[in-house]
Amino acid sequence: ASDAVDFAQTIAPYLSQLSRLPQSFYAAATSSPQAVLDLYVATNPLVSAFAFSLLAGGIFFAVSEANRNYSQVDRLWSILPAAYVGHYAAWARRNGEASARSDLAALCFALWSARLTYNYWRKGGYSIGSEDYRWAIIKKRIGGLAMFVMNLTFISFVQSVSIWGACVLVECEGTNGWA
């Protein structure tokens, strides 16, 4: 239905959840596991997934700066899409809106993710200190300060949010929406 991709109906009414989510999550997490599950079900899945992508971006940035290794996003590049699509399918199921299409997408993404993750591992991507050789070349050309800015913006956050955004497109196309 065309309502499913209407920003005014499926996203805008839930944007206020984003600013309240950190406090709500803390309150739920310090209360009970059931409170966390209730918050998960009550929060628009687009909002919770976007919040997670921002949190992941912050973690990528902190770890990459601490280690001076800019391949932190690379380590989860193959895993995050399956996690996001699985999240959307799980949220729909918990809210009584499960669909064969979402379940199939989650399964396909999980299989695809397993293959990519295995190949990345096989090539040493998860080895301590492994880093895409191109980051060193870029850092040499642009300098330390510019690399810091690039890491703060593109490497850590833009890539994290882009992975989330690509998964939104997969789930948004042909679904019944998230409202």
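To start, this report covers the structure provided alongside it. Model, not experiment: these values are computed from the prediction.

A short note on the pattern of salt bridges
Inference 1: One pass over the structure, following the stated rule, counts three salt bridges.
Inference 2: Note that Arg93 and Asp103 form a salt bridge whose closest N and O atoms lie 2.2 Å from each other. Of this pair, Arg93 sits in helix H6 (residues 80–94) while Asp103 is found in helix H7 (residues 100–122), placing the two residues ten residues apart along the sequence.
Inference 3: With relative accessibility at 48%, the residue Arg93 sits in the partly exposed group.
Inference 4: The salt bridge partner of Asp132 is Arg134, with a shortest N-O separation of 2.5 Å.
Inference 5: Accessibility expressed as a relative area gives 48% for Arg134, which makes it partly exposed.

Considerations on the packing of helix H2 (residues 15–29) against helix H3 (residues 33–42)
Inference 1: Where H2 meets H3, the closest approach of the two axes is 9 Å, and the angle between their N-to-C directions is 160°. Taken together, the axes of H2 and H3 are roughly antiparallel relative to one another. The two elements H2 and H3 meet at a crossing, and its hand is right-handed. Residues Gln17, Leu21, Ser24, Phe25, Ala28 and Ala29 of H2 form the contact with H3, whose participating residues are Ala35, Val36, Leu39 and Ala42.

Criteria and cut-off values
Residues numbered from 1 in each chain as written. Predicted model: local features only at pLDDT ≥ 70, side-chain atom pairs only at ≥ 80, totals over all residues. Heavy atoms only, no water. Salt bridge = Lys/Arg side-chain N within 4 Å of Asp/Glu carboxyl O. Helix = DSSP H or I, 4+ residues; strand = E, 2+ residues; numbered from the N terminus. Buried < 20%, exposed > 50% of the residue type's maximum accessible area, 1.4 Å probe, protein only. Axes fitted to C-alpha atoms, helices over the stretch in contact; angles between N-to-C directions. Parallel < 35°, antiparallel > 145°, perpendicular 65-115°, else oblique. Left-handed = near helix turned anticlockwise from the far one by under 90°. Contact = heavy atoms within 4.5 Å.

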